Structure formats: C-alpha cells, structure tokens
Amino acid sequence: MLSEIIRGGLNSIPKGQTEAGVSTGLTYAQTLWYIIIPQALRAMVPPIVSQIVSLIKDTSLATIITLPELTHHVRIVYGQNTNYVIPMFLMMGLMYWIVCYSLSKFSKRLEKTI
C-alpha cells in the first residue's frame, strides 16, 4: 500500500516539471531529487502518516497470533492481579491515543513545512 502512495504521489507531478528540469541542464536524477520529490512529498505525507497510524492501531490485532505487544503485556499484568483491569486498559488506550495524536500533529506540521 505504501508503494502505491509513493507511486501516486510521483505520478501526480506533471511531466512538464521533468522536462523543465532537464531543459535547465539538470540530470534526470537531479531533476527527480530537487524538483519532483519535493512536490510529490506534499501529496504523499498525509496518506503515509494515515497508513502509519492505521498500522499502530492494528498492532493490537497481533495478539491473535500471540505476538507480544502492548495488548499482550496488559493481559499478562491483569492476569496476575485482576484489580488493575480497568486502569491497565485505560492506560493502554491513553498510550495508543498519545502515539496516534502526536503522529497526526507531526503530519500537519510536516505538511506546512513542505
């Protein structure tokens, strides 16, 4: 999916940009690095960050195949002491929220600078 986002971002730049870069004396690699990629990043950043946030949210599904991650560790802790079931899941939700929220804020800041 990430490759499709990158491909779509690069294809969103008109061919005239490449022709303009080559006509000014830049090589194709220089045109790609200095002209095409900076413009394509503006289109690619939001969907890439969205994919990363979705990936973080979907890691909780990894416990189905018993990969140790945050949800798995919470289950281990409340398995030892059931008095902490609600606080542990609230803390886990808070951790997911902090990571996803900070990624979203980072994405907005990155969009403005690009």
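Along each chain, residue indices are assigned from 1 in the same order as the chain's sequence is written. Totals for whole chains, interfaces and linings use all residues, but because this is a predicted model, local features are given only for residues with pLDDT of at least 70 and pairs of side-chain atoms are given and counted only at 80 or more. No hydrogens and no water enter the side-chain calculation; it runs on all heavy atoms of the structure.

**Here we look at a positive patch on the surface**
Right, so step 1: Where like charges cluster on the molecular surface, the positive patch consists of Lys105, Lys108, Arg109 and Lys112.
Right, so step 2: Along the chain, lysine 112 turns up in helix H5 (residues 85-113).
Right, so step 3: Overall, lysine 112 belongs to the exposed group, its relative accessible area being 74%. Patch members must show over 30% relative accessible area and no salt bridge, and they are joined within 9 Å when carrying like charges or within 5 Å when they are nonpolar side chains of Val, Leu, Ile, Met, Phe, Trp or Tyr. Values of accessible area rely on a 1.4 Å probe in the Shrake-Rupley scheme; residue burial ignores everything except the protein chains shown. Put simply, a salt bridge is a Lys or Arg side-chain nitrogen that is within 4 Å of an Asp or Glu carboxyl oxygen. Positive residues here are Lys and Arg, negative ones are Asp and Glu, while His and the chain termini are left out of the count. Lys charges are placed at NZ, Arg charges at CZ, Asp charges at CG and Glu charges at CD. The helix and strand labels rest on DSSP assignments: H or I over at least four residues marks a helix, E over at least two residues marks a strand, and numbering proceeds from the N terminus. A simple rule labels every residue: compare its accessible area, found with a 1.4 Å probe on the protein chains alone, to the largest value its type can have, and call it buried under 20%, exposed over 50%, or partly exposed in between.

**With respect to the side chain of threonine 31**
Right, so step 1: Within the secondary structure, threonine 31 sits in helix H3 (residues 28-58).
Right, so step 2: Throughout, a residue-residue contact means that at least one pair of heavy atoms, one from each residue, lies within 4.5 Å. Residues within four places of threonine 31 in sequence aside, it is in contact with Gln17, Thr18, Gly21, Val22, Leu26 and Ile36.

**What about the nonpolar core?**
Right, so step 1: In this text, buried Ala, Val, Leu, Ile, Met, Phe, Trp, Tyr and Cys residues form a nonpolar core when linked through side-chain atoms within 4.5 Å. Core analysis: the largest hydrophobic core is formed by eight residues, namely Val45, Val49, Val53, Ile56, Val74, Met92, Tyr96 and Cys100.
Right, so step 2: Elements with a minimum of two residues in this core: H3 and H5.
Right, so step 3: Top contributing element to this core by residue count: H3, with four residues.
Right, so step 4: Counting residues in each nonpolar core, the second largest holds six residues, with Ile5, Ile35, Ile36 and Ala40 among its members.

**Let's talk about the UniProt feature "transmembrane region" (unreviewed entry) in the protein**
Right, so step 1: The positions that UniProt labels "transmembrane region" (unreviewed entry) are, in the present scheme, residues 84-104.
Right, so step 2: Regarding residues 84-104, the helix share stands at 95% and the strand share at 0%, and the terminal C-alpha atoms are separated by 30 Å. UniProt positions are given in the numbering used here, feature names are shortened, and annotations may be inferred rather than shown by experiment.

**Brief notes about the packing of helix H1 (residues 2-11) against H3**
Right, so step 1: Axis lines are fitted to C-alpha atoms, over the contacting stretch for helices. Their N-to-C directions set the angle, which ranges from 0 to 180 degrees. Where H1 meets H3, the closest approach of the two axes is 8 Å, and the angle between their N-to-C directions is 150 degrees. The angle between the axes of H1 and H3 places the two elements in the roughly antiparallel class. Remark: the crossing between H1 and H3 carries right-handed chirality. Of H3, the residues touching H1 (which contributes Leu2, Ile5, Ile6, Gly9 and Leu10) are Ile36, Ile37, Ala40, Met44, Pro47, Ile48 and Gln51. Orientation labels follow simple angle bins: below 35 degrees gives roughly parallel, above 145 gives roughly antiparallel, 65 to 115 gives roughly perpendicular, and whatever is left gives oblique. Crossing handedness: left-handed means the near helix sits turned counterclockwise from the far one by under a right angle, and right-handed means the same turn made clockwise.

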